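Listed below are the residues making up each chain.
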Amino acid sequence: MKKWIDALMTSEKRVAVPIMTHPGIEYIGRTVREAVTDGEVHAAAIEALAKRYPSAASTVIMDLTVEAEAFGAKILIPEEEIPTVTERLVSDAASVEALQVPTLEAGRVPEYLKANRLAVEKITDRPVLAGCIGPFSLAGRLYDMSEIMVAIYIEPDVIMALLDKCTAFLIDYCKALKATGVAGVVMAEPAAGLLSDEDHMVYATPYVKQIVDAVQDDDFTVILHNCGNMGQCTHAMVECGARALHFGNLVDIPQALQEVPEEMLVMGNLDPVNVIQQATPEAVETATTDLLEKTAGAKNFVISTGCDLPPAVPEANIEAFFAAVDKYNAR
């Protein structure tokens, strides 16, 4: 991965790595429920996208319930939407203390490990990037997001104890993902975008950094995704130590490029819903070209979507996105 990133930064061509799996599920005629519960279906969807589009890397589904379910959280798995956590699992010091760090056999974790392993076997012409949730976002799903935003001020020790357990599990999970042969992991930490830079440095950065330090090396890269950040905690994201930062559409990318060291990749951040899903192909092409032009001088920028593409994205819009990149490179 270090060589791959170095090649991106020295290339005269711009590359695209949209975060998308749902279109692949639709292409193979399966449901979201099947993909998030069956590793073979999941891998087949990723392979279908790799055959159809020239993305510089392939990504798995951004499902932020897998790890919470492994801890014991109750989840709802709709037929055509990503699963959701339906109720909090822990609520006080006693329940956090009693919480057990799960094994890698819990819940749907084995199916996600299978999906990554099969994707690596099937896709050999580009890196495959796994996915996982970040520690603060996981803690928020277990404790309830509204409650944790209050608790970090009135019961910080309880939340730190919960974060320790979340981080311990995520280190194990990321090591297992790495063992499948994937080239990196997109760590989704959107809830940390609700924090100020100072609070991020306390409740997110140290825990993400533990995971980065445990798994990132020349062959495996952590890509830290935060679609909640509006620009207020970019510095804290940088301090996590990930080799790449992936921003949501709330961030001004030219501004982020000024705040991020040149040796780190900056990825993002076309609106996955208002642009890629709902706009016309012409509007998608215009938005893509505009972002490429605004970042023309940045060798460390990779154009992407601001988050995982939702279901029901028109194929013509995805094609318009890649066509815009090709036209820009042909200038």
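In the block above lies the structure referred to throughout.
**Overview of the pattern of salt bridges**
Right, on to step 1. This structure, assessed with the given rule, holds 16 salt bridges.
Right, on to step 2. Residue E111 pairs with K114 through a salt bridge whose shortest N-O separation is 3.5 Å. With E111 and K114 both in helix 7 (residues 109-122) and three residues apart, the pair spans about one turn of that helix.
Right, on to step 3. Judged by relative accessible area, K114 falls into the partly exposed class, the value being 23%.
Right, on to step 4. Ionic pairing is found between R331 and E293, a salt bridge with its closest N-O pair at 2.9 Å. Of the two residues, R331 is situated in the segment after helix 17 (315-329) and E293 in helix 16 (residues 281-294); the sequence distance between them amounts to 38 residues.
Right, on to step 5. The exposure class assigned to R331 is exposed, which follows from its relative accessible area of 63%.
Right, on to step 6. With a relative accessible area of 41%, E293 lands in the partly exposed category.

**Quick word on the packing of aromatic side chains**
How two aromatic rings sit relative to each other is set out by the distance from centre to centre and by the angle between their planes.
Right, on to step 1. Overall, the coordinates contain five aromatic pairs when judged by the stated rule.
Right, on to step 2. Geometrically, the ring pair formed by Y27 and Y53 is tilted, given 6.3 Å between the ring centres and 45° between the ring planes. Linking Y27 in helix 2 (residues 22-27) with Y53 in the loop between helix 4 (39-52) and strand 1 (58-59), this pair joins segments that are 26 residues apart in sequence.
Right, on to step 3. We classify Y27 as partly exposed; its relative accessible area is 24%.
Right, on to step 4. On the basis of relative accessible area, Y53 is assigned to the buried category, the value being 5%.

Conventions and cut-offs
- Residues numbered from 1 in each chain as written.
- Predicted model: local features only at pLDDT ≥ 70, side-chain atom pairs only at ≥ 80, totals over all residues.
- Heavy atoms only, no water.
- Salt bridge = Lys/Arg side-chain N within 4 Å of Asp/Glu carboxyl O.
- Helix = DSSP H or I, 4+ residues; strand = E, 2+ residues; numbered from the N terminus.
- Buried < 20%, exposed > 50% of the residue type's maximum accessible area, 1.4 Å probe, protein only.
- Phe/Tyr/Trp six-rings, centres within 6.5 Å; stacked < 30°, edge-to-face > 60°.

These values are about where atoms sit, not about what they do.
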